[in-house]
Amino acid sequence: MPVEINDKSQTGKFVNANGINMCYESYGKGSALIFLHGAMGTGQVWKPYVPLLSKDFNMILPDLRGHGKTENPGREIDHQLLADDLVGLLKALKLEKPFLCGWSMGGDIIDVYQSWLSFRPA
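Once a new chain begins, its residue numbering starts again from 1 and follows that chain's sequence as written. Local features in this predicted model are restricted to residues of pLDDT 70 or higher, and side-chain atom pairs are both shown and tallied only at a pLDDT of 80 or more, whereas totals for entire chains, interfaces and linings draw on every residue. Water and hydrogen atoms were dropped before computing side-chain values, which therefore reflect all heavy atoms in the structure.

## Looking at the overall build of the protein
Logical step 1: The number of helices and strands found in the protein is three helices and five strands.
Logical step 2: Along the protein, helices (α) and strands (β) appear in the sequence β-β-β-α-β-α-β-α when read from the amino end.
Logical step 3: Counting over 122 residues, the protein shows a buried share of 40%.
Logical step 4: The contact criterion used is simple: two residues touch if any of their non-hydrogen atoms lie within 4.5 Å. Within the protein, contacts between residues separated by at least 24 positions form 71% of all contacts whose residues are at least 6 apart in sequence.
Logical step 5: For accessible areas, the Shrake-Rupley method is used with a probe of radius 1.4 Å. Any residue's cover is judged against the shown protein chains and nothing else. Surface accessibility of the protein: about 7,000 Å² in total, with carbon and sulfur atoms responsible for 54%. Under the scheme used here, helices are H or I runs from DSSP no shorter than 4 residues and strands are E runs no shorter than 2 residues, and both carry numbers assigned from the N terminus. Only protein chains enter the calculation, and the probe is 1.4 Å; a residue is then buried if its accessible area is under 20% of its type maximum, exposed if over 50%, and partly exposed in between.

## Let's talk about the nonpolar core
Logical step 1: With 20 residues, the main nonpolar core has Leu36, Leu86 and Ile109 as its most contacted residues.
Logical step 2: Put simply, the parts of the chain that give this core at least two residues each are β1 (13-17), β2 (20-27), β3 (31-36), α2 (79-92) and α3 (105-119).
Logical step 3: Residue contributions to this core peak at six residues, all from α2.
Logical step 4: Once residues lying within four places of it in the same chain are set aside, the contact partners of Leu86 are Ile34, Leu36, Leu100, Ile109 and Tyr113.
Logical step 5: Of all hydrophobic cores here, the second largest spans six residues; its members include Leu33, Phe35, Trp46 and Met59. The set of buried Ala, Val, Leu, Ile, Met, Phe, Trp, Tyr and Cys residues whose side-chain atoms join them within 4.5 Å is what this entry labels a nonpolar core.

## Examining the packing of aromatic side chains
Logical step 1: By convention, a stacked pair of Phe, Tyr or Trp rings (six-membered ring in the case of Trp) has centres within 6.5 Å and planes under 30 degrees apart, an edge-to-face pair has planes over 60 apart, and any other such pair is tilted. The full count for this structure, using the stated rule, is four aromatic pairs.
Logical step 2: Both rings, one in Phe35 and one in Trp46, keep their centres 4.8 Å apart while their planes meet at 45°; by these two values the pair is tilted. Pair noted here: Phe35 is in strand β3 and Trp46 is in the loop between β3 and α1 (50-53), with a separation of eleven residues, a long-range link.
Logical step 3: A relative accessible area of 3% means that Phe35 is categorised as buried.
Logical step 4: Here Trp46 falls in the buried class, since its relative accessible area comes to 9%.

## Notes on the environment of Asn16
Logical step 1: Examined against the element boundaries, Asn16 turns out to sit in strand β1.
Logical step 2: For the pair Asn16 and Leu93, spaced 77 residues apart in the sequence, the C-alpha separation amounts to 9.7 Å.
Logical step 3: In this structure Asn16 touches Gly88 and Ala92, once residues within four positions along its chain are discounted.
Logical step 4: At 3.3 Å, the side chain of Asn16 forms a polar contact with the backbone nitrogen of Gly19. Any N or O atom pair separated by 3.5 Å or less is treated as a polar contact, with the protein-specific requirement of one donor-capable and one acceptor-capable atom, and with residues adjacent in sequence counted only for side-chain atom pairs.

## Description of the sheet that holds β2
What links the strands of a sheet is backbone hydrogen bonding, and the strands pair in either a parallel or an antiparallel sense.
Logical step 1: For two strands to be treated as a pair, DSSP must find at least two bridges joining them. Spatially, five strands are ordered β1-β2-β4-β3-β5 in an open sheet, and the strand pairing comes out mixed. The outermost strands of the open sheet, each flanked by one partner alone, are β1 and β5 (99-102). The mean inter-strand angle of the sheet, taken between neighbouring strand axes irrespective of direction, is 30°.
Logical step 2: Here five bridges tie β1 to β2, and the two strands are oriented antiparallel to one another. The residue bridging Phe14 from the neighbouring strand is Cys23, located in β2.
Logical step 3: Fitted lines through C-alpha atoms give the axes, limited to the stretch in contact for helices. The angle between two N-to-C directions lies from 0 to 180 degrees. Across the sheet, α2 lies against β1, β2, β3, β4 (57-62) and β5, angled at about 115° from β1, the strand it touches most.

## A short note on the side chain of Asp85
Logical step 1: For Asp85, the location among the structural elements is in helix α2.
Logical step 2: If we skip the residues at most four places from it in the chain, Asp85 touches Ala17, Asn18, Ile20, Met22 and Arg65.

## Quick word on the environment of Arg75
Logical step 1: Note that Arg75 resides in the loop between β4 and α2.
Logical step 2: Separated by ten residues in sequence, Arg75 and Arg65 have C-alpha atoms that sit 9.0 Å apart.

Below is the structure:
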């Protein structure tokens, strides 16, 4: 199924994450599984996987800062800032240990987030 990766007509919910309004969609029930898209994409790129994975997971498809319907008021983007946004999303959704899946830039964000987890104070 073809998916428009910058579909502005998508529906979604919004949360305050790291001081920005972040748009996300969620599908299914079960353990949280967050999908992070690559640069210039949106959470829509993961929609082809919804029919299969939403049977076992609560799939969360955010639009990263400056992508899709998520704002970027400072017009800045770097991996650390996007990882901070991920932390904000986890806090807003009250998720402690979700599964994470990223493609391209999304994978880089997960690497930065995992590094932060290794060094954060107990």
